[in-house]
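Understanding the architecture of this molecule
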Amino acid sequence: MTPARSDSPEHLAALRAAAAECRACPLWKNATQTVFGEGPAPAPLMLVGEQPGDKEDLAGRPFVGPAGQMLDRALKDAGIERKTVYVTNAVKHFKFVPRGKIRLHQKPNSAEITACRPWYARERAAVKPVLVVAMGATAAQGVLGRITPINKTRGRLIDLDDGGEALVTVHPSYLLRLPDQGARAREYQRFVADLKVAAARLRRHADAA
Ligand code: URA
């Protein structure tokens, strides 16, 4: 049998199956399942979030809950079609503490981000994106391989050591947590502006092809 091309859906399907058995950190024990990335391969844009939330853990798909709805709206406003984007998370299991009937989100620690990084690297090798957008501090750490304050790097194109490019922005959940309507509207526009930088980069790539 010929091996699947690294950008073929078969290759990603094999990665997904292997990730379903991952025991590289303890998060698999309490999560429902591994939530692997989804989308086309190759894809010009790869979006990376933090980790699946409650809804994603149950559905087995990234960004299908409230943060996903916020993301979908912002992508649309930035002129990006979600179906053209490969969407994944830096950490592929839901980390939470139970509080009665609720499962309270817990931020992944550095060891968990590092343990999950090979899956991101394999996805990226398969998807071959022109640009990776890291949403939030956990995603930035997973993508850049180091702790990176968002506000220092936000909204600009960063050259990666291997020749790829990345852009760091906030996580859509951050917008959902802002209590003040005005601040939320302003921050939403900044998030869309960051995604527009990504969209412009992809247009330049398409024009040059
Ligand atoms: N937040 C994330 O970072 N990823 C998801 O898939 C959902 C919420």
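Since this is a predicted model, take the numbers as computed values, not measurements.

Criteria and thresholds
Residues numbered from 1 in each chain as written. Predicted model: local features only at pLDDT ≥ 70, side-chain atom pairs only at ≥ 80, totals over all residues. Heavy atoms only, no water. 1 Å grid on protein atoms, 1.4 Å probe; cavity = no way out; pocket = protein on both sides within 12 Å on 5 of 7 lines; lining within 4 Å. Points joined across faces, edges and corners; volume = space filled by probe spheres on them. Helix = DSSP H or I, 4+ residues; strand = E, 2+ residues; numbered from the N terminus. Nonpolar A, V, L, I, M, F, W, Y, C, P; charged D, E, K, R; others polar. Disulfide = S-S within 2.5 Å. Pairing = 2+ DSSP bridges. Axes fitted to C-alpha atoms, helices over the stretch in contact; angles between N-to-C directions. Expected span 1.5 Å × (residues − 1). Bend = angle between axes of the 7 residues up to and from the residue. Buried < 20%, exposed > 50% of the residue type's maximum accessible area, 1.4 Å probe, protein only. Contact = heavy atoms within 4.5 Å. Polar contact = N/O pair within 3.5 Å; in protein donor to acceptor, adjacent residues only side chain to side chain. Arc of directions from axis to C-beta.

1. What about the layout of surface pockets?
A volume near 690 Å³ is recorded for the largest pocket. Surrounding the largest pocket, 31 residues form its lining, E50, H105, H171, S173 and R177 being those nearest its centre. In this structure, the second largest pocket encloses a volume near 200 Å³. For the lining of the second largest pocket, the secondary structure elements donating two or more residues are α4 (110-127), α5 (137-144) and β6 (157-159). A total of four residues in the lining of the second largest pocket trace back to one element, the largest contributor, which is α4. Within the lining of the second largest pocket, the residues separate by chemical class into six nonpolar, no polar and six charged.

2. Looking at the state of the cysteines
Considering all chains together, one arrives at zero disulfides under this definition. Between C22, a cysteine without a disulfide, and C116, which holds the nearest cysteine sulfur, the sulfur-to-sulfur distance is 6.1 Å. Distance from the sulfur of C25, which forms no disulfide, to the nearest cysteine sulfur (C116) is 6.5 Å.

3. What to know about the sheet that holds strand β2 (residues 85-89)
Ordered in space as β2-β1-β5-β7-β6, the five strands form an open sheet in which the pairing is mixed. At either end of the open sheet lies a strand with only one pairing partner, and these are β2 and β6. Put simply, the sheet's adjacent strands are angled 25° from each other on average, direction ignored. The sheet contact formed by β6 and strand β7 (residues 165-169) spans three bridges and is antiparallel. Residue I158 lies in a different strand from β7, and its bridge partner there is A166.

4. Some remarks on empty space enclosed by the protein
What the rule picks out here adds up to one cavity of 30 Å³ or more. In this model, the largest cavity occupies a volume close to 100 Å³. The wall of the largest cavity is formed by 14 residues, among which C22, C25, H93, C116 and W119 lie closest to the centre. Residues that form the lining of the largest cavity fall into these classes: ten nonpolar, two polar and two charged.

5. A few points about α4
Here α4 is 18 residues long and its end C-alpha atoms lie 25 Å apart, about the 26 Å a rise of 1.5 Å per residue gives. Remark: the principal bend of α4, roughly 35°, maps to C116, with a proline, P118, within the next four residues. Looking at α4, one finds that the buried residues are E112, I113, A115, C116, W119, Y120, E123, R124, A126 and V127. On its buried face, α4 is in contact with α1 (9-19), β1 (45-49), β2, β5 (131-135) and α5. You can read the cap of α4 off the contacts: a side-chain oxygen lies 3.1 Å from the backbone nitrogen of A111, and it is on N109. Backbone geometry just after α4 places K128 at a positive phi near 50°.

6. Some remarks on α1
Residues L12, L15 and A19 constitute the buried set of α1. The arc enclosing the buried residues of α1, seen along the axis, measures out at 55°, which places them on a common side. Elements in contact with the buried residues of α1: β2 and α4.

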